Amino acid sequence: MKNYIQADPWNIIEEGFDPKLNKISESLFSIGNGKMGQRANFEEHYSGETLQGSYVAGIYFPDKTRVGWWKNGYPPTFDKVINSTNWIGIDIYINGQLLDLATCEVKDFKRVLNMQEGYLQRSFVAVLAEGSEVKVEALRFCSIADDEIGAIKYQITPLNFDAELKIVSKADGDIVNEDSNYDFKFWEEVGDKFSDKGIFLQTKTLKTGFELCVGANTKIYIADQEAELLNHQLVQEIKFCAEEFQVAAQAGTELTIIKIVSVQSSLNYPSNELFDSCEHKLSSAVELGFDKLLEDQKNAWARKWDQSDIQIDGDVKAQQGIRFNIFQLFQTYTGTDSRLNIGPKGFTGEKYAGATYWDTEAYCIPFYLSTAEQEVGRNLLVYRYNHLQKAIENAEMLGFRNGAALFPMVTMDGTESHNEWEITFEEIHRNGAIAYAIYNYINYTQDWDYLPQYGLEVLIGIARFWAQRVNWSGEREKYVILGVTGPNEYENNVNNNWYTNYLAVWCLKYAQEAIEFVKDSNQSRLDDIINNLDLETEELELWKEIAENMYYPYHEKLKIYLQQDGYMDKEQWLVKDLPASERPLNQKWSWDRILRSCFIKQADVLQGMYFFEDDFELDEIRRNFDFYEPRTVHESSLSPCLHSIIAAKLNDEARAYEFYLRTARLDLDDYNNDTEDGLHITSMAGTWMSIVQGFAGMRIKENKLFFNPFLPEQWDSFTFRIGFRGVILSIKINKGFMEIENKSDKGIEVMVKAEDFGIEGGEKVRIEL
Ligand code: BGC
């Protein structure tokens, strides 16, 4: 755990330069706009420890799989979002000496991530040879107002000497991935171009053939006037181009470098038009100018915060933590393109390969449903719809047939990328989360058209998978699901994981309900779907039969659902009895020992109780919570948030808050010593859920928004904003009462505890708690 980030409600602040913390800070201060993102690497050359990272959403490379022992059914490649042209580079030579913070004394170093306005700032004084001091102030952002634009303002002042500066403004496409399996380089050059608008580098991924064009326009100013150049030349190398400027600056003179960049790819433009469109985009951004681009950025972030902010009074660190999470989620995904998704580390590192996991459906959907336009949540669902055919092929590869769909555990384009048998073949619960997300989306938005348009086909594919994946046990006279891994990856190849069995049945039932719904609302569309998919009545009968006769492991004496058949055969320990020196288990114990132990990585039975809470009595939830939580090590970042929500439901406010704390500042305080690999983006949505679904108890009940709030005693109040079916609400929970303000002009009815309240457009009501 670290404690070097200064508490502030809107900013992430680091003061003083400690190279040992640099990779952590590079993750924390990452910037992005949903389409591209980058770690907070320095603009100037840096020879110290760094993970240089700049990523473009949707551009990936199928890296050849590396496994010890090949299993039939493994995907041959691991698709990963790859490090791409680094456009931030500005090397600075001062009287011949290369500015490099790893080799000079650094004073007054400060790095600030301004979350309210969406930019990264850095300032320092470098002490060079013979005591020459140079002051630098840098500001950079990836625009969310125009997600093809990035901009840098880099200001240098030689403080106590006259300097001759050589400035090399680069577009460097000769980039490697730290996690490349065989040290392959993934890019080749298509060409470069130099014009009066700037320098342009076009590169292409090997195998996948994605093309990327980066254009950069660099201008140098002294006191608002373009500086007189001693020399100006262009540098052209393989996969690299740059503009080199030489300028004289007297002591005390501030030199301002403005670098405006456009980034476009063949995902959105024909390859042969990329140079031209990138040039066109760049020249209009240059015409707008840095200040206007920054103003647009601030305004665009203000609009995002208007829809999504959470304000916590009385606890600055908690305030900083939640805003950091919301900020990073929007930097990762803005929801305008259904080909894109949310990597568990977003654009902040290479772990998890920028690929899509079940995290999106199980954790992220609720956040985007409440804080962004409806289209955003819908696009996340359409992403999976577009992968349906590949999910069917994926299932076929494993021996399923007749349109059964198994969505991948890890994917970029719908093909499975993961290759550990216990996850790839066995962690099939992800299929259920994808169906659940459809339910969740429709329940929240009432966008019933989604079912006939896209959802139903996905639900049928998933139901077909479960119907084939179960088997009849003559012994139990029930259907069973053998050889799976539940969300708890600390046991594999188990039989009858309760969560998986429960979810499978729910999927079978929900698919049938969805068919009935489309039958009533759009019979001709249903006929088309049935014909296209060759769906037989016998299949539906089988789904029903399975749903009615599924086996669920249950412990009669303890009255709890068993995580899996053999769970009680395990030696029953509690986490509190584990010496601190043995944790985290995944670093201290052999894998074999972990698998045989009763310790649970993340919510498993409780994941099911979270999804389907209305199916269970409160006492039943409490018994399961009290049994499983003490055995849970929460070594997945996705775990504490669900426990926080369930503890809140059980009115255990203290524990709800305790679990919340473990998620809210996970990265800011580097709890798990792994922030340098990148941020835990998807679990950040879980933190948001802990406040909104946990502390405020928000649900949809009787087709209305429902709240059952409490105020953690450490806070004076908290306020959050949500959008719901065209209405924006600001909800403040105070000691003893709550206030709901309807920020739109449409009325809404909400339920607080057991009472209904109508709130007109523009009205604010106070409700005693
Ligand atoms: C968790 C998975 C999750 C993945 C990506 C793993 O550690 O166990 O549930 O999907 O991380 O976040």
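Source: prediction; values computed, not measured. (Residues numbered from 1 in each chain as written. Predicted model: local features only at pLDDT ≥ 70, side-chain atom pairs only at ≥ 80, totals over all residues. Heavy atoms only, no water.)

Visitor: What is the right way to read the overall build of the protein chain from this model?
Guide: Check the secondary structure of the protein chain and you find 20 helices and 32 strands. Its C-alpha atoms give the protein chain a radius of gyration of 27 Å, near enough to 27 Å, the size a compact globule of 769 residues would have. Structurally, the protein chain occupies a C-alpha span of about 85 × 60 × 55 Å along its principal axes. Relative to its full complement of 769 residues, the protein chain shows a buried share of 63%. Taking the intrachain contacts of the protein chain between residues at least 6 apart in sequence as the baseline, contacts between residues at least 24 apart amount to 68%. Summed over its atoms, the accessible surface of the protein chain is roughly 28,700 Å², and 45% of this surface lies on carbon and sulfur atoms. Computed over 77 positive and 122 negative side-chain charges, the inter-centroid distance for the protein chain is 3 Å. (Helix = DSSP H or I, 4+ residues; strand = E, 2+ residues; numbered from the N terminus. Rg over C-alpha atoms; globule rule 2.2 N^0.38 Å. Buried < 20%, exposed > 50% of the residue type's maximum accessible area, 1.4 Å probe, protein only. Contact = heavy atoms within 4.5 Å. Areas by Shrake-Rupley, 256 points an atom, 1.4 Å probe, with all protein chains shown as cover. Lys, Arg positive; Asp, Glu negative; His and termini not counted. Charge placed at Lys NZ, Arg CZ, Asp CG, Glu CD.)

Visitor: Just checking my understanding: could you explain the pairing of strand β32 (residues 764-768) for this structure?
Guide: As a general feature of sheets, a regular strand has side chains that alternate between the two faces. The alternating pattern of β32 places Val 765 and Ile 767 on a buried face, while none of Lys 764, Arg 766 and Glu 768, on the opposite face, is buried. Sheet topology note: the strand β29 (residues 737-742)/β32 ladder contains 5 bridges and is antiparallel. Paired with Ile 740 across the strands is Val 765, a residue of β32. (Pairing = 2+ DSSP bridges.)

Visitor: Explain helix α20 (residues 681-695) to me, please; I cannot follow it from the model alone.
Guide: Given 3.6 residues per helical turn, the α-helix brings residues three or four places apart onto the same face. If you check α20, its first and last C-alpha atoms are 21 Å apart, about what 15 residues at 1.5 Å a residue would give, namely 21 Å. Remark: the principal bend of α20, roughly 30°, maps to Met 689. Two residues or fewer after α20 comes Gly 697, characterised by a positive phi angle close to 60°. (Expected span 1.5 Å × (residues − 1). Bend = angle between axes of the 7 residues up to and from the residue.)

Visitor: Explain the sheet that holds strand β4 (residues 54-64) to me, please; I cannot follow it from the model alone.
Guide: Consider a sheet: its strands pair through backbone hydrogen bonds, and that pairing is either parallel or antiparallel. The strand order across the open sheet formed by 4 strands is β2-β3-β4-β5, and the pairing between neighbours is antiparallel. At either margin of the open sheet sits one strand with a lone partner, and together these are β2 (31-32) and β5 (77-83). Bridge analysis of β4 against β5 gives 6 bridges, and the strand direction is antiparallel. When the bridges of β5 are listed, Lys 64 appears paired with Thr 77.

Visitor: Looking at this structure, I do not really get the site of the ligand. What am I missing?
Guide: Around the ligand, a shell composed of Pro 344, Tyr 352, Tyr 357, Trp 358, Asp 359, Glu 489, Lys 601, Gln 602, Ser 636 and Leu 638 is seen. Within the contact set of the ligand, an oxygen atom lies 3.3 Å away from a side-chain nitrogen or oxygen of Tyr 352. Lys 601 has a polar side-chain atom sitting 2.9 Å from an oxygen atom of the ligand. The protein chains hide 91% of the 310 Å² of surface that the ligand would expose on its own. A per-class count over the shell around the ligand returns 5 nonpolar, 2 polar and 3 charged. (Near = heavy atom within 4 Å. Polar contact = N/O pair within 3.5 Å; in protein donor to acceptor, adjacent residues only side chain to side chain. Nonpolar A, V, L, I, M, F, W, Y, C, P; charged D, E, K, R; others polar.)

Visitor: Which parts of the structure should I look at to understand unusual backbone geometry?
Guide: Among all residues except glycine, the phi angle is most often negative; among peptide bonds, the trans geometry is most common. Residue Arg 583 is joined to Pro 584 through a cis peptide bond whose omega torsion reads 0°. Phi is positive for Asp 108, which is not a glycine, with a value near 50°. Residue classification places Asp 108 among the exposed residues on the basis of a relative accessible area of 60%. Backbone geometry at Glu 130 places phi at a positive 55°, although glycine is not the residue there.

Visitor: Help me out: how do you make sense of the pattern of salt bridges in this one?
Guide: Think of it this way: side chains of opposite charge can pair up when their charged atoms draw near. Within the structure shown, the criterion is met by 51 salt bridges. Arg 721 is the partner of Asp 306 in a salt bridge, and the nearest nitrogen-oxygen pair spans 3.7 Å. Of this pair, Asp 306 sits in helix α3 (residues 290-308) while Arg 721 is found in strand β27 (residues 717-724), placing the two residues 415 residues apart along the sequence. The structure contains a network of salt bridges with shared partners spanning Lys 35, Asp 146, Asp 147, Glu 148 and Lys 281. (Salt bridge = Lys/Arg side-chain N within 4 Å of Asp/Glu carboxyl O.)

Visitor: Any chance you could explain the packing of helix α5 (residues 359-371) against helix α9 (residues 429-445) here in plain terms?
Guide: The axes of two packed helices give the description: the angle between them and the distance between them. Across the interface, α5 lies against α9 with an axial gap of 10 Å and an inter-helix angle of 20°. Taken as axis vectors, α5 and α9 run roughly parallel relative to one another. When the axes of α5 and α9 are compared, the crossing they make is right-handed. The segment α5 lies against α9, with Glu 361, Ala 362, Ile 365, Pro 366, Leu 369 and Ser 370 engaging Ala 433, Ile 434, Ala 437, Asn 440, Tyr 441, Tyr 444 and Thr 445. Across the contact of α5 with α9, the residue classes break down as 9 nonpolar, 3 polar and 1 charged. (Axes fitted to C-alpha atoms, helices over the stretch in contact; angles between N-to-C directions. Parallel < 35°, antiparallel > 145°, perpendicular 65-115°, else oblique. Left-handed = near helix turned anticlockwise from the far one by under 90°.)

Visitor: Looking at this model, I keep getting lost on a negative patch on the surface. Mind explaining?
Guide: On the surface, Asp 534, Glu 536, Glu 538 and Glu 541 cluster together to form a negatively charged patch. Here Glu 538 shows up in helix α13 (residues 537-548). (Patch = residues over 30% accessible without salt bridge, like charges linked within 9 Å, V, L, I, M, F, W, Y side chains within 5 Å.)

Visitor: Help me understand the state of the cysteines, please; the structure alone is not making it clear to me.
Guide: The final tally for this structure, using the stated rule, is 0 disulfides. No disulfide involves Cys 507; its sulfur sits 19 Å from that of Cys 364, the nearest cysteine. When its relative accessible area of 2% is taken as the criterion, Cys 507 is described as buried. The structure places no disulfide on Cys 641, whose sulfur is separated from the nearest cysteine sulfur, that of Cys 364, by 10 Å. By relative accessible area, which is 0% here, Cys 641 ends up buried. (Disulfide = S-S within 2.5 Å.)

Visitor: Got a minute to help me understand the UniProt feature "active site" (unreviewed entry) in the protein chain in this structure?
Guide: UniProt feature "active site" (unreviewed entry): in the numbering of this structure it lies at Glu 489. As for its position among the elements, Glu 489 is in the loop between β22 (478-480) and α11 (498-521). Note on Glu 489: relative accessible area 16%, which makes it buried. If we ignore the near neighbours within four places in the chain, the residues touching Glu 489 are Met 409, Ile 423, Glu 427, Trp 591, Leu 595 and Lys 601. (UniProt positions renumbered as here; feature names shortened; annotations may be inferred.)

Visitor: Explain α3 to me, please; I cannot follow it from the model alone.
Guide: With 19 residues, α3 should reach 27 Å at 1.5 Å per residue; the first-to-last C-alpha distance of 27 Å fits that figure. Every buried residue of α3 is listed here: Phe 290, Leu 293, Leu 294, Asp 296, Gln 297, Ala 300, Trp 301, Lys 304, Trp 305 and Ser 308.

Visitor: Could you clarify how one ought to interpret the UniProt feature "domain: Glycoside hydrolase family 65 C-terminal" (unreviewed entry) in the protein chain in this entry?
Guide: Residues given the UniProt feature "domain: Glycoside hydrolase family 65 C-terminal" (unreviewed entry) here are residues 698-753. Helix makes up 0% of residues 698-753 and strand 59%, with an end-to-end C-alpha separation of 10 Å.

Visitor: Explain the packing of aromatic side chains to me, please; I cannot follow it from the model alone.
Guide: Geometry of an aromatic ring pair is reported as the spacing of the ring centres plus the angle between the planes. Considering all chains together, one arrives at 67 aromatic pairs under this definition. Ring centres 5.2 Å apart and planes at 70° place the aromatic pair Phe 465 and Trp 466 in the edge-to-face group. Per residue, the accessibility class of Phe 465 equals that of Trp 466, and both read buried. Measuring from centroid to centroid gives 5.4 Å for Phe 695 and Trp 715, while their planes differ by 75°, and the two rings are edge-to-face. Here the residue Phe 695 occupies a position in helix α20, and Trp 715 occupies one in the loop between β26 (704-707) and β27, the gap between them amounting to 20 residues. The burial state of Phe 695 is the same as that of Trp 715; both residues are buried. (Phe/Tyr/Trp six-rings, centres within 6.5 Å; stacked < 30°, edge-to-face > 60°.)

Visitor: I would appreciate a short explanation of the environment of Ile 731 in the present structure.
Guide: Mapped onto the elements, Ile 731 comes out in strand β28 (residues 727-733). C-alpha of Ile 731 to C-alpha of Val 765: the two residues are 34 residues apart in sequence and 9.8 Å apart in space. Those residues within four positions of Ile 731 in sequence are excluded, and the remaining contacts are Phe 707, Phe 718, Thr 719, Phe 720, Ile 722, Met 738, Glu 739 and Ile 740.

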